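Listed below are the residues making up each chain.
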Amino acid sequence: MTEPLLSELSRPGREGHELPCGEVPSDALPEALTRARLPLPEVGELDVVRHFTRLSQKNYAIDLGFYPLGSCTMKYNPKINEVVARLPGFAAIHPYQPESSIQGALKLLYELQAMLAEITGFTAATLQPAAGAHGELCGMLLIRAYHQKRGERQRTRVLIPDSAHGTNPATAAMCGFTTVSVPTDERGNVDMRRLREHLDDTVAAMMLTNPNTLGLFEEHVLEMAEAVHRAGGLMYGDGANLNAILGAVKPAHVGFDVLHINTHKTFSTPHGGGGPGAGPVVVGEALEPFLPTPRVVRRADGSYGLDSSYPDSIGRMREFYGHFGVLVRAYTYIRMHGAEGLRQISDVAVLNANYLRVLLQAVYDLPYQRTCMHEFVLSGRRQKQQGVRTLDIAKRLIDYGFYPPTVYFPLIVEEAIMIEPTESETKDTLDAFARAMIEIAREVEQDPELVRTAPHTRELHRLDEVRAARKPVLRWTLNEAPANAT
Ligand SMILES: *Cc1c(COP(=O)(O)O)cnc(C)c1O
């Protein structure tokens, strides 16, 4: 059933508003500023309420159902985060207030820096970057500043595994580096032999995600870091997958020099639809002098403040101090769980992923036959032989009431289906999802057309996704149906 547009509900003379008396007599207004007729729908207040309530219920959200979007860590966002972020002392402060009047906010930022450094094993942090990709930009600018300070301007190349998130090569290129793609071996690790071929004094860094985007722990990470360091390069860590290793592995202890953290993923902020997030960057001693300013510091007298007196700093990454509200949520999440709780999060996230992996690997191909970390990547190549693509399977899941997993990423897996259940879900939910996936695999065998033409139960079927993303219709226009509907 397609919802009527407000313009279709409109009846001449029906009204849902009552304007206050104008302070200026209407005949005193210049004619050019008034409109005799404004073509707004004529509807009652209750019609408007029902219309927008219905529309709001068409959105899918983690608060409605399972959201196994691989690499995105769509975990439950505890509501206490929202309560804390809305406290007037946080929500109503102004960045130009004097330091003496925002000591609580500065203390929170200072303690969050310390907690993130502790969790990851590093010595210092900046909270300025606005998202993961922005954290990458910050981290790679730190690496560039480090080599320049040492007079090593010939270090222009950055090594990036072919399984990496697209933001990694994009970031390196934005910083003026040349990217070199390193292949993955048959076990799903970076191919060490091919990596070594690239190591020389032109290498600035390697950008590595660990666990990698196949959901696998890089078995040679120590060896890799040692080889890159021996060549004079630095190890950049993409920390988007931190949810797999909280309390179990500290990235600084396995050879990374710098790491960004997607707090909206690991430390919970609602981030479907693109934001806002936060991408704090943690570093060891070698990169600390280059961190963005102003830095949140604790002074000798115990007060907190903002300090810009770091001559080697790369400067600001963001207006003011980053996405403060998101940082309050991350702080709350970490404090609510404590060290033991964080460790449990990763243990259960990994357990949940492996449970689903084992249920599904009988009917879908699993290209890398290993215990996974917090997510795993299936291939729909067996189903493709029946003429059904991974995209079709994802669309069919919508009919079963599930948000589809990430598809066609990482690029090195044919017809990739990337599933990240997170720790928040019950066994019942995981079982229901597995049943749906197995049922769809059966449908592919018996009635492929049913899957190819899914979804059948929603009012919009297949969208022109490029057009929906690039030219979204977000505004009501008189008598115009959404252009992205097919
Ligand atoms: C999500 C993600 C990023 C980018 O993070 P944003 O916060 O979306 O900018 C980078 N790398 C990996 C592996 C990711 O999953």
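Since the model is a prediction, treat every value here as computed from it, not as a measurement. (Residues numbered from 1 in each chain as written. Predicted model: local features only at pLDDT ≥ 70, side-chain atom pairs only at ≥ 80, totals over all residues. Heavy atoms only, no water.)

What to know about the confidence of the model for the protein chain
Stage number 1. Counting all residues, the mean pLDDT for the protein chain is 94, and 97% of those residues have values of 70 or more.
Stage number 2. Below a pLDDT of 50 lies the segment residues 481-486, which in the model reaches 12 contacts outside its immediate sequence neighbourhood of four places, other chains included. (pLDDT = per-residue confidence, 0-100. Contact = heavy atoms within 4.5 Å.)

Things to note about the site of the ligand
Stage number 1. For the ligand, the full set of nearby residues is S71, A131, G132, A133, E136, H165, T167, D238, A240, N262, H264 and K265.
Stage number 2. One of the side-chain N or O atoms of D238 is found 2.6 Å from a nitrogen atom in the ligand.
Stage number 3. A distance of 2.8 Å separates an oxygen atom of the ligand from a polar side-chain atom of H264.
Stage number 4. Protein contacts shield 86% of the accessible area of the ligand, which totals 380 Å² for the unbound molecule.
Stage number 5. Residue assignment for the shell around the ligand shows that the elements contributing at least two residues are α6 (132-149) and α10 (263-266).
Stage number 6. Here the shell around the ligand gets three residues from one element, more than from any other, and that element is α6.
Stage number 7. A per-class count over the shell around the ligand returns three nonpolar, six polar and three charged. (Near = heavy atom within 4 Å. Polar contact = N/O pair within 3.5 Å; in protein donor to acceptor, adjacent residues only side chain to side chain. Areas by Shrake-Rupley, 256 points an atom, 1.4 Å probe, with all protein chains shown as cover. Helix = DSSP H or I, 4+ residues; strand = E, 2+ residues; numbered from the N terminus. Nonpolar A, V, L, I, M, F, W, Y, C, P; charged D, E, K, R; others polar.)

A few points about the sheet that holds strand β3 (residues 178-182)
Stage number 1. Taking strand neighbours across the sheet as the criterion, the seven strands line up as β1-β7-β6-β5-β4-β2-β3 in an open arrangement whose pairing is mixed. The strands lining the two open edges of the sheet, one partner per strand, are β1 (124-126) and β3. Neighbour to neighbour, the strand axes of the sheet diverge by 20 degrees on average, direction disregarded.
Stage number 2. Pairing between strand β2 (residues 157-161) and strand β4 (residues 203-209): three bridges, direction parallel. Opposite R157, over in β4, you have V203 as the bridge partner. (Pairing = 2+ DSSP bridges. Axes fitted to C-alpha atoms, helices over the stretch in contact; angles between N-to-C directions.)

Side note on the packing of aromatic side chains
Stage number 1. All chains considered together, the criterion is met by 11 aromatic pairs.
Stage number 2. Ring geometry for F66 versus F402: centroids 6.2 Å apart, planes at 85 degrees, classification edge-to-face. Note that F66 is positioned in the loop between α2 (45-56) and α3 (79-85) and F402 in the loop between α13 (390-399) and β11 (406-407), a separation of 336 residues in sequence. Neither residue differs from the other here; F66 and F402 are each classed as buried.
Stage number 3. Arranged with centres 3.9 Å apart and planes meeting at 25 degrees, the rings of Y67 and Y403 form a pair that is stacked. Here the residue Y67 occupies a position in the loop between α2 and α3, and Y403 occupies one in the loop between α13 and β11, the gap between them amounting to 336 residues.
Stage number 4. Judged by its relative accessible area of 8%, Y67 is buried.
Stage number 5. When its relative accessible area of 26% is taken as the criterion, Y403 is described as partly exposed.
Stage number 6. Feature note: the residues Y60, Y67 and Y403 constitute an aromatic cluster, connected by ring pairs. (Phe/Tyr/Trp six-rings, centres within 6.5 Å; stacked < 30°, edge-to-face > 60°. Buried < 20%, exposed > 50% of the residue type's maximum accessible area, 1.4 Å probe, protein only.)

Thoughts on helix α5 (residues 103-120)
Stage number 1. For α5, built from 18 residues, the straight-helix expectation of 26 Å at 1.5 Å per residue is met to within 8% by its first-to-last C-alpha distance of 26 Å.
Stage number 2. Buried within α5 we find A105, L106, L108, L109, L112, Q113, M115, L116, A117, I119 and T120.
Stage number 3. Positioned one or two residues after α5, G121 has a phi angle of 85 degrees, which is positive. (Expected span 1.5 Å × (residues − 1).)

Quick notes on the state of the cysteines
Stage number 1. Scanning all chains against the criterion turns up zero disulfides.
Stage number 2. In this model C72 remains outside any disulfide bridge; the closest cysteine sulfur is found in C372, 16 Å from its own.
Stage number 3. C372 sits in the buried class, given a relative accessible area of 2%. (Disulfide = S-S within 2.5 Å.)

As for the pairing of strand β12 (residues 416-419)
Stage number 1. Here β12 shows a buried face lined by A416 and M418 and a second buried face lined by I417 and I419.
Stage number 2. Note that strand β10 (residues 376-379) and β12 share four bridges and pair antiparallel. Bridging from a neighbouring strand, V377 pairs with M418 of β12.

Focus on the nonpolar core
Stage number 1. In terms of nonpolar packing, the biggest core is built from 60 residues, with L112, M206 and F267 touching the most fellow members.
Stage number 2. Those elements that place two or more of their residues in this core are α3, α5, β3, α8 (192-197), β4, α9 (221-230), β9 (304-307) and α11 (324-360).
Stage number 3. Counting residues per element, this core draws most heavily on α11, which supplies 11 residues.
Stage number 4. Mapped onto the domain boundaries, this core takes at least three residues apiece from domain 2 (79-335) and domain 3 (344-469).
Stage number 5. In this view, F267 contacts L116, I119, L242, L246, I261, N262, R329, A330, Y333, I334 and L342; residues no more than four positions away in its chain are not counted.
Stage number 6. By size, the runner-up hydrophobic cluster in this structure holds 27 residues, among which are C138, M207, Y236 and V281. (Core = buried A, V, L, I, M, F, W, Y, C linked by side-chain atoms within 4.5 Å. Domains from an automatic or database assignment.)

Points about the domain arrangement of the protein chain
Stage number 1. What the domain assignment reports for the protein chain is domain 1 (6-57), domain 2 (79-335) and domain 3 (344-469).
Stage number 2. On a C-alpha basis, the centres of domain 1 and domain 2 stand 49 Å from each other.

With respect to the pattern of salt bridges
Stage number 1. Counted by the stated rule, this structure contains 31 salt bridges.
Stage number 2. The partner of D312 in a salt bridge is K149, and the shortest N-O contact between them spans 3.1 Å. Within this pair, whereas D312 is found in the loop between β9 and α11, its partner K149 is found in helix α6, the two being separated by 163 residues in sequence.
Stage number 3. The exposure class assigned to D312 is partly exposed, which follows from its relative accessible area of 28%.
Stage number 4. Of the charged contacts, one joins E197 and R193 as a salt bridge, the two residues approaching to 3.3 Å between their closest N and O atoms. (Salt bridge = Lys/Arg side-chain N within 4 Å of Asp/Glu carboxyl O.)

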